[in-house]
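# Close look at the chain arrangement
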Amino acid sequence: IASFEDPLKAIEYIANNHVDIIFVDYIMPEMDGIALIRHIRTTMLDIPIIMVTSLGERRDIKLQALDAGANEFLTKPVDSAEFLTRTKNLIALRRSQLQLKDRAMHLEEEVRKATKVIADREFETLVVLGRAAEYKDPETAMHIDRVAYTSRMLAVAKGLPTYQQDLIFHAAPLHDVGKMGIPDSILLKPGRLTADEFIVMKTHSEIGFNILKNSKSSVLSVGSQIAMTHHERYDGKGYPRALADSKIPLFGRIVTVADCYDAMISKRPYKEAMPATKVLEIMVAEKGKQFDPEIVDLLISRIHEVQRVYEKLKDL
């Protein structure tokens with residue numbers, strides 16, 4: 001039990017300590033009991049409060065106290081039997097409140113754990129789906145991982161909220177899932193594609209979109225958007241829909257930069273790896289043409305982190 005003659009000291013104590021029940025007199029220095037109750041109720045809505053009043057105090061005071069948030073009243077001189085009964089009832093109420101709160105917190109934690117398990121399984125499935133598109137090409141086995149990490153890094157640099165950072169991290173690996181529909185003779189050709197072969201290769205964007213579209217999963221929905229738009233160009237000369245500027249979804253613009261940087265810096269069946277300095281020169285030259293200028297600037301601002309990702313996740 002903590003007792004205070006000064007209500008301001010009581011307020012300070014309540015703010016820094018666990019309290020289960022509060023008894024308040026009406027007449028006190030600095031502020032009256034009703035003002036104190038109102039102050040307490042601004043932050044503590046469920047703690048039982050008993051107000052102690054005198055027989056001579058007006059009925060409207062009790063109404064004001066009830067309106068402020070008092071739960072019970074005791075009249076001076078306080079009858080010990082009435083005091084015990086009312087206090088026990090409110091303590092029992094408080095105990096029930098705490099038990100319900102603990103149960104709710106426990107259920108919330110269990111739901112959170114179960115939801116995380118489901119989400120982890122979904123993300124694992126999506127990673128497998130993304131890897132399936134790269135499986136036929138061992139030289140790009142880690143490409144989807146690098147694109148995912150780089151895309152999230154760019155999302156962080158862009159200042160996107162955490163849930164969008166996680167969303168692009170899990171959706172970016174699906175950008176080339178449509179390659180599963182491209183013949184090996186074209187996908188793995190060790191040289192430049194013919195005009196007709198390139199037309200076939202370009203269909204992987206729409207194939208990926210069609211595989212992933214109409215899903216209730218937020219990751220698959222974003223994945224379908226990325227699959228469709230990661231070969232669009234900022235100047236509107238890309239494919240498959242010739243979108244330009246902000247008409248290209250932000251996630252698509254981010255993955256385009258991450259994907260192209262990694263593709264140029266990596267060895268592929270049809271080309272050798274390019275030096276990082278040369279890759280950056282190309283990307284700077286393509287600002288406003290192939291790439292969103294802001295996203296390229298963000299990549300350059302985080303280039304040391306991007307290079308660490310590449311070194312850590314090199315192709316075996």
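Please refer to the structure higher up on the page.
Residues numbered from 1 in each chain as written. Predicted model: local features only at pLDDT ≥ 70, side-chain atom pairs only at ≥ 80, totals over all residues. Heavy atoms only, no water.

A few words now on the overall build of the chain. Counting its secondary structure elements, the chain contains 14 helices and three strands. Against the 2.2 N^0.38 benchmark of 20 Å for 316 residues, the chain shows a C-alpha radius of gyration of 32 Å, more extended than a compact globule. Dimensions of the chain, computed from C-alpha atoms along their principal axes, come out at roughly 100 × 35 × 35 Å. Evaluated residue by residue, the chain yields a buried proportion of 41% over its 316 residues. Of all intrachain contacts in the chain linking residues separated by at least 6 positions in sequence, the fraction that spans at least 24 positions is 61%. Element-wise, carbon and sulfur atoms account for 57% of the exposed surface of the chain, whose accessible area totals about 17700 Å². Taking the 43 positively charged and 45 negatively charged side chains of the chain as two groups, their mean positions are separated by 3 Å. (Helix = DSSP H or I, 4+ residues; strand = E, 2+ residues; numbered from the N terminus. Rg over C-alpha atoms; globule rule 2.2 N^0.38 Å. Buried < 20%, exposed > 50% of the residue type's maximum accessible area, 1.4 Å probe, protein only. Contact = heavy atoms within 4.5 Å. Areas by Shrake-Rupley, 256 points an atom, 1.4 Å probe, with all protein chains shown as cover. Lys, Arg positive; Asp, Glu negative; His and termini not counted. Charge placed at Lys NZ, Arg CZ, Asp CG, Glu CD.)

Bringing unusual backbone geometry into the picture now. With an omega dihedral of -10°, the bond running from lysine 76 to proline 77 counts as a cis peptide bond. Position of proline 77 relative to the elements: it lies in the loop between β3 (72-76) and α4 (80-134). Of note, the bond from tyrosine 239 into proline 240 is cis; its omega dihedral lies within 30 degrees of zero at 10°. With phi around 75°, glutamate 30 is a residue other than glycine that occupies positive phi space. Within the secondary structure layout, glutamate 30 lies in the loop between β1 (22-25) and α2 (33-41). With phi around 60°, asparagine 214 is a residue other than glycine that occupies positive phi space. Examined against the element boundaries, asparagine 214 turns out to sit in the loop between α9 (204-212) and α10 (218-229).

Reading across the sheet, the three strands line up as β1-β2-β3 and stay open at both edges, with parallel pairing between neighbours. Looking at which strands have only one partner, the edges of the open sheet turn out to be β1 and β3. Pairs of neighbouring strands in the sheet enclose a mean axial angle of 25°, with direction left out of account. Across five bridges, strand β2 (residues 49-54) lies against β3 in parallel orientation. Opposite valine 52, over in β3, you have leucine 74 as the bridge partner. Packed on one face of the sheet, α2 meets β1 and β2 and runs near 175° to β2. (Pairing = 2+ DSSP bridges. Axes fitted to C-alpha atoms, helices over the stretch in contact; angles between N-to-C directions.)

For tyrosine 163, the location among the structural elements is in helix α6 (residues 162-171). A polar contact is formed between the side chain of tyrosine 163 and the side chain of glutamine 164, at a distance of 3.3 Å. (Polar contact = N/O pair within 3.5 Å; in protein donor to acceptor, adjacent residues only side chain to side chain.)

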